[in-house]
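Chains, contacts and geometry: an overview
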Amino acid sequence: MSITFVPSSSAFWLDGKGVSYAFFINDLGCAEHLYFGAQIPHADLRYARTSGAQSTLTSPPGKDGAESYQNVPPEIAFFGTGDYREPCVQIETAQGDRLCELLYRSYEILKEKPPIPGMPSLRGGETLKLCLADPVNGFEADLYYTVYDDASVIARRVVYRNGGTQPIALRRAYSFSLPLPDMCREALTLHGAWAKERQPERIPLHHGVVSVDSKRTSSSATLHPFLAILTPGTTETSGTAIGFSLVYSSSFVLKAEGNPDGTALVTGGIQDFDFRWTLAPGEEFAAPECVIAYSDEGLGAMSRAYHDAYREHLISPRAAHAVRPLLINNWEGTQFSFDLEKLKAIVDGVVGTGIDTFVLDDGWFGKREDDTTGLGDWVVNEKKLVGGLRAISEYVHEKGMRFGLWFEPEMVSEDSDLFRAHPDYAIGVPDRPRCYSRHQFVLDLTRKEVRDTIVESVNRILHENRIEYVKWDFNRNVTESFSFGRAPGEQQQFAHRYALGLYDLCERIIRANPDIFFEGCAGGGARFDPAMLSYFAQIWTSDDTDAEERTKIQYGTSLVYPLSAMSCHVSDCPNQQTGRTVPLATRAVIAHLGATGYELDASRFTDEDRAETARQIREYRACQRLILNGDLYRIDDPHTGGFFTVSVVSKDKSEAILVCYRRFGSVNNPIKRVYMAGLDPARTYRVAELGLTLPGAVLMRRGLVPAYPDGDFTAVVYHFTAC
Ligand code: DGJ
């Protein structure tokens, strides 16, 4: 990894694992992009600049005849001075003009990557800080670029500053611009809904803008804060894939624009719809980080670049490579209907299986018997749980297990003591009724006194009880974005201030309780984003626990996130969401492709159920480090065929597993051959299930024919050990 400035060509070179990034300061004084791609030797890349001076183009301000900004591949596109492409930033000065020209001023190469105050971002990596400023109004932008030795990504972000003497409003404050040399490409996005999160979709780029966004004050299940731009026909193993993954949990936008000259420009960051942030002289605004991954070996290598970057530089180091709690959660088993005896019976049901954590889900607090009451009252319901949390926690610990508890810290029920005492703590506009969702309101995290109340009540429960695990849920979207106490001109700061408030809560609850393991959740996987991953080492992937649906959800999620980030549970059948029945063995195989657990009424376990669960857990334990830390290779896509196949290979290629799932059984189907991926072709592997020892090259080239059990929704797993 290195960052170099070449004075003879005014060029900056950033070299990371397998990638190079180059730009230079041109005659106009702006940062002009030269290259992003596979690592190349340093050369003067200006020979291949594209210049398209046309009579209809406008010159830069005051420079008649000079190259138009429209022709410059920009490191940061700005508005109002001749460039009509999607700007990265738009300002409004005190006199109402919206112009800016961001020209080079200075640079610094930082050995220590500076954190973003109040916002998560990747750790480590050498960083270039490029300082640009407007020559007239004093508006400034510092562009940060970070490269890594161990992941083929470049992290980018911007800090905007008012270096002038009058207020300047930010009307758009994105995180990056990245020009691409041609627009003959496809966009890959992840769309979804509740119980159908992160479904891949491919669309061609066209003249104009392709975009994904959220206006929900959360990263959302609907469109994910991720976009990849691919050369046409890119597969898992071939083609160029450039990914853009925003480390942000609130409303966002990512855009790819096809331009008249055949180039493309990618940009994005904080959603600028309903956004306006005024900077007084001297004030600055930090945009969130975007992690840009590069692969010229298809989508698989792009995903592995993200997995490496997020495991090594985002997820808490304490949890990133640690063995995860293996839990039983009572939600699908009981929902709100439980008492102490029922919970004890569930715990008894799993004793001896290898499950090491019991998680008590929703319904233990306030007067909560269903989803209409109690949120915000983080006081145990002793009528339901005789003896309080202490009784169940002690029982769990006596059985040699750890105790986990569910919270939904950001929410309040209308029927709660908290709402009765502080109705204004719920987000809302005075004199207007609020929208309900799951009968609840969202607390105004933009206000410190609201956050203080949440921190005090949640931390009190965590400190007064022996709790080793917390599931942090978030079950509705924000409406009525308005905060009591903020000036009218500040109301469009709401969505970003909510994110900052959320990060502050996470610091004061999660970081302040380092011995407790926190799992994220949002009515399933509706806030599964890199910023949340920096606090929650694993996130509940979806409320849909049906193994067939999970193959698609987990496949899509794996485009950006490592298996260790995905919380996946074995549940009962018929499945609560789909009504489908899938063999128990298959449910375990699919749920074990992540941070696993069980979510069912184990009080009804028979001895056979217990023995089968114990067997599954022994199998999981035998390869959990491989699953959590290994390299993932997607082989068959369940979205495009009847199979879901992946391999996971240890970093040193000494062991691997191959997981093969078939949707439907039938007679006389074409033979399904699976080509193992990711092994060392030069090494020899023992394949336990085949009782054979074969060269890696043979297993990958000749493949194998999986012995799927008969019937629908079946799976088979093969284990490989290098000799
Ligand atoms: C939604 C979550 O996704 C579920 O797992 C469960 O915790 C419920 N909320 C509880 O209300």
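Computed from a predicted model, the values in this text were never measured in an experiment.

What to know about the domain arrangement of the chain
For the chain, the domain assignment lists domain 1 (72-313), domain 2 (327-629) and domain 3 (636-722). Between domain 2 and domain 3, the C-alpha centre-to-centre distance is 34 Å. At the interface, 18 residues of domain 2 touch 22 residues of domain 3. The junction of domain 2 with domain 3 conceals about 1,600 Å² of combined surface from both sides, 75% of it contributed by carbon and sulfur atoms.

Some words on the site of the ligand
Near the ligand there are 13 residues, and of these Asp 361, Asp 362, Lys 471, Asp 473 and Asp 543 occur at the shortest range. Between an oxygen atom of the ligand and a side-chain N or O atom of Asp 362, the distance comes to 2.6 Å. A distance of 2.7 Å is found between an oxygen atom of the ligand and a side-chain nitrogen or oxygen belonging to Lys 471. Burial of the ligand by the protein chains amounts to 98% of its free accessible area of 300 Å². Residues belonging to the shell around the ligand are distributed by class as follows: four nonpolar, three polar and six charged.

Comments concerning the pairing of strand E11 (residues 186-191)
With six bridges joining them, E11 and strand E12 (residues 199-204) adopt antiparallel strand pairing. Paired with Leu 190 across the strands is Pro 200, a residue of E12. Bridge count between E11 and strand E14 (residues 223-230): five bridges; the pairing is antiparallel. The residue of E14 that forms the bridge with Leu 188 is Ala 228.

So, unusual backbone geometry
Across residues other than glycine, the phi torsion is negative in most instances, and most of the peptide bonds are trans. The omega torsion of the bond from Cys 573 to Pro 574 falls at -5°, within 30 degrees of zero and hence cis. With respect to the helices and strands, Pro 574 occurs in the loop between strand E29 (566-571) and helix H11 (584-591). Of note, Asp 274 is a non-glycine position whose phi angle comes to about 65°, a positive value. By the element assignment, Asp 274 lies in the loop between strand E17 (264-270) and strand E18 (277-279). Since its relative accessible area comes to 37%, Asp 274 is described here as partly exposed. Of note, the phi angle at His 439 is positive, near 65°, even though the residue is not glycine. Tracing the backbone shows His 439 in the loop between helix H6 (417-421) and strand E25 (440-442). Classification of His 439 as partly exposed rests on a relative accessible area of 40%.

Definitions and limits used
Residues numbered from 1 in each chain as written. Predicted model: local features only at pLDDT ≥ 70, side-chain atom pairs only at ≥ 80, totals over all residues. Heavy atoms only, no water. Domains from an automatic or database assignment. Contact = heavy atoms within 4.5 Å. Buried area = accessible area lost by both parts, 1.4 Å probe. Near = heavy atom within 4 Å. Polar contact = N/O pair within 3.5 Å; in protein donor to acceptor, adjacent residues only side chain to side chain. Areas by Shrake-Rupley, 256 points an atom, 1.4 Å probe, with all protein chains shown as cover. Nonpolar A, V, L, I, M, F, W, Y, C, P; charged D, E, K, R; others polar. Pairing = 2+ DSSP bridges. Helix = DSSP H or I, 4+ residues; strand = E, 2+ residues; numbered from the N terminus. Buried < 20%, exposed > 50% of the residue type's maximum accessible area, 1.4 Å probe, protein only.

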